[in-house]
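Listed here are the chains, written in short residue letters.
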Amino acid sequence: MRSRLSLRRLWTRHAGRARWCLYGAPAVAAAAIWWLFAFDGPVGNWTAIILVTAGSVVAERTQLFIVVRKQTVALSVNDIPLTVGLLALSPLSLLISRVVAKCVILVLRRPGTGKSVFNLGVEALEVAVAATVAHSLSTLHSVQEPATWGAIFVGVAAADVTSAALVALAIRVTEVHLDRRQVASLFVPAFVVGLIDTTLGLVGVLVMSVNRWAGSLLVLVIVVFYFAHRAYGRFLAQHERLEQVYAFSRRVEASRPEPEAIGPLLEFIRETLNAREVTLILALGDPDEGDPTEETPLRIVTVGTDGKPEWTQTVVAGEPLRQVVFADGRSRLVSTRSGHIDQLWADAMVARNATEVILAPLRTHDRVWGVVEATDRQVKFAAFTPEEVRLLDNLARHLAAAVENQGLVERLRLQAFTDPLTGMPNRVRFEADVTEALEAAEPEDLLGIAVFGVDAVKSVNDTLGHEAGDQLVTAVATRLTSLAGETVRVARIGGNAFALLLHDSDLAALQEQLRLWHERLHPPCPAGDVTIELALSGGLAVAPIHGSNAAELLQRATVALESARNTGQPVVSYVAAMEHGSLRRLQLATDLRAALSDNQLRLHYQPKVALDGNAVVGVEALLRWEHPEYGNVPPDEFIPLAERTGLIGPLTTFVLGTALRQCRSWLERDLRIGVAVNLSVRSLLDPELVPRISTLLAEIDVPSELLTLEITEGTVMADPDRALPVLHRLRGLGIQLAVDDFGTGYSSLAYLRHLPVDDVKIDKAFVLGMGTGEEDLAIVRAIVELCHSLRFTVVAEGVEDELTRDLLRGMGCDAVQGYLVSRPLPTDRFDAWHDTWLAAHEERPETVRRLHVSGGS
């Protein structure tokens, strides 16, 4: 294994030089053999040389290929002229003859320069090996002696083995490693066919030694056998194609009139043609409109080597090969093997990753409504032929008749335009309806595209399961359909999104219609065994004010829907300013994954000090994103994006790892500073959270008591049955727990006393108003007394002036943080600040300081 890897590594590193060394190696080996054994002697009889050369060319050009499933066996008579040459020519004459013949073949086939050099070298080496071995074993003076026969057999066999070994070496070095079966497939046929060819050559020479003209009879027998074999092969192929067409017609008749029946039929076609994949393209346009146009929707099903059908949808436009078949209704074979095809077709073949494709139309009553494609024959050295084109055309005719008779196109057309869950029109049908309405609208008419999002669907899916979520969607769809009547077109355009097409002549009237629809949809709906209060958001875009085509209007209505969700409003009309925010969110969501790997995320640290003695008891580290285009992106903007896109897990792991490594760095400097990481709901409920944290603590070698995890009250109450066991498992590891933003959530004494927490942080919204508002002052005092009665440490956030600090000290608050102490600082600046602070304030050595790491602002 090691030697193979080394060989491949050397080949990759010096590919250019190594390739030419490989190409030239056979020629060098042939020259070495020729020099060592000093083959000389006269060129010999030029007539014999010409005959052997011609025989070599003919033998090379008349190979018979026998196709067995996906394998091709090549039968060559190339060793017959080699056998004759060993007996009739001197080694030098034989070399000239074979090299000239190989040059003729290479000119006809036109391979690359490197392959030509390699093939010529192999040919010369075969002659050298065959001549060396044969002449070493016998003088080859008399063809009547069995010793001569044995020498010829051994010499030709040695040449064949040498040739096969060189080919195997070239494949192994330049492409892939060959296993034993693949190596055997190279050596065994070469040896067996060589044995037969040598026998035929010896028989021919023996016959000619008796009578020179008797050889012509042998040649005649060989020619007759060759053409008889080809004729018999064509007869068998024609008979097999008839059987295949008959078997396919029986399958078509027995198939059910359902879309699922298409897959097995296409798999039969693929197996019949030995194709890599077969694709069926069905035009779903109106039959009364005639042949499909560039805008006609297509339903596509593809069956590959795994036999599983894959369904997709597109339009005719942009696919030149299918367009031309839809246009003229003729079958055709397109191949890049010749290298002379139209550039547009060549690009289409590149898009398919194919070298050849057969296309056959599906037609009834002089109308083409589909195309069948067969791509890339899975047979070595054999391509699709005109016979395969005619075969696919026949199969397509049977398939077209059956599909049309069974009404499958209508079923697929209905399936393509209908939502399978609700039976409502889908997005494709709705866009077509909007386009139709826009074309029929008068100049003074306004068309409103309203999009409603049922925000409760996701929560129901997560809590009660997708079956309950589907029930909720179906209930909303039923309500929409009953409310719409005949005046309003409705559709389901996404998982939890519905669209309406409204008509009016006044923008305010359209907005009022949308508000009324929101009220009508708002009553609770059943989902599973419970009744759900619907959380609905709506967005409105109006034509021609906000757009002139269906796709643009639908997109802008969706933007307005997102704005309604973000602002908490029930319904929102589109304005141009929303577009920038949507594009920014989309760009940030796309770039966030790259930010994790491109070192764009940083942790900044804000100190936290004790009110009793001014000792540094920790810092809060804030996650920062320096975007290359937008600059500093606040956490409040990208943390929700991380939760939506599923990146909150990797982001939390990044913060944990970075914070713990910084803690390790401080420990190595004899600074015992603990770290705390803020956890979101998704992170807390991640089943891998506890083992991941345990692994990080062990790998980075940080004591567990130096890690504090902060949670909000809302984080726990989102799913207390799952959250509380996780908190107890974390507490069991020795990790410290803290409640962040206390006072803004549930703030229940009964709830707080059951949490396994150590610290409580008062939200800065109350701290900032302490100096000017008696209500905030009273709330903070009550929180401090409550937490101390439960033996929690209390930290006040957002302390920005000395008055607030003194008031907190008088209440007995344990620690503060805020701009009065310091702004958030990067690591190097925090270290400098820490040294300055220690120099200015006496610190108690027994104090345990904790570093707080937060993904919040």
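Caption draft 1: The arrangement of the overall build of the protein in detail. Assigned secondary structure in the protein consists of 31 helices and 25 strands. As presented, the protein carries roughly 42,700 Å² of accessible surface, and 57% of it is formed by carbon and sulfur atoms.

Caption draft 2: Seen up close, the side chain of Asp758. Positionally, Asp758 belongs in the loop between α27 (749-752) and β22 (759-762). If we ignore the near neighbours within four places in the chain, the residues touching Asp758 are Arg731, Gln736, Leu737, Phe792 and Thr793.

Caption draft 3: Spotlight on the sheet that holds strand β15 (residues 571-573). The 5 strands are arranged β10-β11-β9-β14-β15 in an open sheet whose pairing can be described as mixed. Since the sheet does not close on itself, it has two edges, and those belong to β10 (489-492) and β15, each with one partner. Averaged over neighbouring strand pairs, the angle between their axes works out to 20° when direction is ignored. Strand direction decides the pairing type here: strand β9 (residues 446-454) and strand β14 (residues 536-543), joined by 8 bridges, are antiparallel. The partner of Val454 across the bridge, within β14, is Leu536. Here helix α19 (residues 550-567) sits on the sheet and contacts β9, β11 (497-504), β14 and β15; the angle it forms with β14, its principal contact strand, is near 145°.

Caption draft 4: Fine view of unusual backbone geometry. That bond from Ala543 to Pro544 is cis: its omega, 5°, falls within 30 degrees of zero. Along the polypeptide, Pro544 turns up in the loop between β14 and α19. If you check the backbone angles, Asp741 has positive phi at about 55° while not being a glycine. With respect to the helices and strands, Asp741 occurs in strand β21 (residues 736-742).

Caption draft 5: Summary view of the confidence of the model for the protein. Per-residue confidence for the protein gives a mean pLDDT of 77; residues scoring 70 or more make up 78%. When mean pLDDT is compared element by element in the protein, helix α24 (residues 689-700) scores highest at 91, while strand β25 (residues 849-854) scores lowest at 44. Across residues 66-73, confidence stays below pLDDT 50; counting only partners more than four residues off in sequence or on other chains, it has 20 contacts.

Caption draft 6: Structural context of the pairing of β22. The alternating pattern of β22 places Asp759 and Lys761 and Val760 and Ile762 on opposite faces, both of which are buried. Where β21 and β22 come together, 3 bridges link them in parallel fashion. Considered in β22, the bridge of Phe742 is made with Ile762. Of the pairings in the sheet, the one linking β22 to strand β23 (residues 793-796) comprises 4 bridges and is parallel in character. Residue pairing across strands places Val760 opposite Val794, the latter belonging to β23.

Caption draft 7: Layout of helix α21 (residues 635-645). Among the residues making up α21, those that are buried are Pro635, Phe638, Ile639, Leu641 and Ala642. For α21, the arc enclosing every buried residue in end-on projection is 160°, short of the 170-degree limit, so these residues lie on one face. When the buried face of α21 is taken as reference, the exposed residues oriented beyond 90 degrees from it are Asp636 and Arg644. Positioned one or two residues after α21, Gly646 has a phi angle of 80°, which is positive.

Caption draft 8: Quick peek at the pattern of salt bridges. Within this structure, the stated rule accounts for 30 salt bridges. Arg330 is the salt-bridge partner of Asp328, the closest N and O atoms lying 3.7 Å from each other. Using a relative accessible area of 31% as the deciding quantity, one classes Asp328 as partly exposed. Assessed through its relative accessible area of 47%, Arg330 is described here as partly exposed. Between Glu431 and Arg427 there is a salt bridge, with its nearest N and O atoms 3.5 Å apart. Of this pair, Glu431 and Arg427 both sit in helix α15 (residues 427-440), separated by 4 residues, roughly a single helical turn. With relative accessibility at 25%, the residue Glu431 sits in the partly exposed group. Members of the salt-bridge network, linked through shared partners, are Arg98, Lys102 and Glu123.

Caption draft 9: How the structure looks around the packing of aromatic side chains. Under the counting rule described, the total for this entry stands at 5 aromatic pairs. Taken together, a centroid distance of 5.6 Å and an interplanar angle of 65° make the contact between Trp666 and Phe830 edge-to-face. Remark: Phe830 occurs in helix α31 (residues 827-840) and Trp666 occurs in helix α22 (residues 648-668); sequence separation between them is 164 residues. According to the relative accessible area criterion, Trp666 is buried, its value standing at 0%. Between Trp833 and Trp837, the aromatic rings sit 5.1 Å apart at their centres with planes inclined by 20°, giving stacked as the arrangement. With a gap of 4 residues between them, Trp833 and Trp837 both fall in helix α31, about one helical turn apart. Owing to a relative accessible area of 15%, Trp833 belongs among the buried residues under this scheme. Look at Trp837 and you get buried, because its relative accessible area is 15%. Three or more aromatic residues joined by ring pairs make a cluster, and in this case those are Tyr605, Trp666, Phe830, Trp833 and Trp837.

Caption draft 10: A nonpolar patch on the surface, seen in detail. On the surface, Val100, Val104 and Leu108 cluster together into a nonpolar patch covering about 230 Å² of accessible area. Here Leu108 shows up in helix α5 (residues 91-109).

Caption draft 11: Examining the nonpolar core more closely. Of all hydrophobic cores here, the largest spans 81 residues; its most connected members are Ile693, Leu707, Leu709, Leu730 and Leu808. If you tally residues by element for this core, the top one is α22, at 9 residues. Counting 32 residues, the second-largest nonpolar core is a separate cluster that includes Leu480, Ala484, Leu534 and Leu536.

Caption draft 12: Quick peek at the pairing of strand β17 (residues 616-627). Taken across its 12 residues, β17 has 10 buried, putting it largely inside the fold. Where strand β16 (residues 601-610) and β17 come together, 9 bridges link them in antiparallel fashion. Bridging from a neighbouring strand, His604 pairs with Leu622 of β17. The turn linking β16 back onto β17 is made up of 5 residues, and Gly613 within it adopts a positive phi angle of 100°. Where β17 and strand β18 (residues 631-633) come together, 3 bridges link them in antiparallel fashion. Residue Glu626 lies in a different strand from β18, and its bridge partner there is Asn632. Turn length for the β17-β18 hairpin, with the two strands adjacent in sequence and antiparallel, is 3 residues.

Caption draft 13: The arrangement of the environment of Val726 in detail. Along the chain, Val726 turns up in helix α26 (residues 720-732). Each C-alpha atom, one on Val726 and one on Val690, is 7.6 Å from the other, the two residues being 36 residues apart in sequence. Apart from the residues within four sequence positions on either side, Val726 is in contact with Leu684, Leu689 and Val690.

Caption draft 14: Region of the structure containing the side chain of Glu267. Position of Glu267 relative to the elements: it lies in helix α10 (residues 262-273). Excluding residues within four positions of it along the chain, Glu267 makes contact with Val303, Gly304 and Gly307.

Caption draft 15: How the structure looks around the environment of Pro628. On the secondary structure map, Pro628 appears in the loop between β17 and β18. When its relative accessible area of 67% is taken as the criterion, Pro628 is described as exposed. Spatially, the C-alpha atoms of Pro628 and Asp591 are 9.8 Å apart, while their sequence positions differ by 37 residues.

Caption draft 16: Representation of the packing of α22 against α24. The geometry of α22 relative to α24 is characterised by a closest axis approach of 10 Å and an angle of 30° between their N-to-C directions. When the axes of α22 and α24 are compared, the pair comes out roughly parallel. Between α22 and α24 the crossing geometry is right-handed. Residues Thr653, Leu656, Gly657, Leu660, Arg661 and Arg664 of α22 touch α24, and the partners they reach there are Arg692, Ile693, Leu696, Leu697 and Ile700. Per-class residue counts for the contact of α22 with α24 are 6 nonpolar, 2 polar and 3 charged.

How each quantity is defined
Residues numbered from 1 in each chain as written. Predicted model: local features only at pLDDT ≥ 70, side-chain atom pairs only at ≥ 80, totals over all residues. Heavy atoms only, no water. Helix = DSSP H or I, 4+ residues; strand = E, 2+ residues; numbered from the N terminus. Areas by Shrake-Rupley, 256 points an atom, 1.4 Å probe, with all protein chains shown as cover. Contact = heavy atoms within 4.5 Å. Pairing = 2+ DSSP bridges. Axes fitted to C-alpha atoms, helices over the stretch in contact; angles between N-to-C directions. pLDDT = per-residue confidence, 0-100. Buried < 20%, exposed > 50% of the residue type's maximum accessible area, 1.4 Å probe, protein only. Arc of directions from axis to C-beta. Salt bridge = Lys/Arg side-chain N within 4 Å of Asp/Glu carboxyl O. Phe/Tyr/Trp six-rings, centres within 6.5 Å; stacked < 30°, edge-to-face > 60°. Patch = residues over 30% accessible without salt bridge, like charges linked within 9 Å, V, L, I, M, F, W, Y side chains within 5 Å. Core = buried A, V, L, I, M, F, W, Y, C linked by side-chain atoms within 4.5 Å. Parallel < 35°, antiparallel > 145°, perpendicular 65-115°, else oblique. Left-handed = near helix turned anticlockwise from the far one by under 90°. Nonpolar A, V, L, I, M, F, W, Y, C, P; charged D, E, K, R; others polar.

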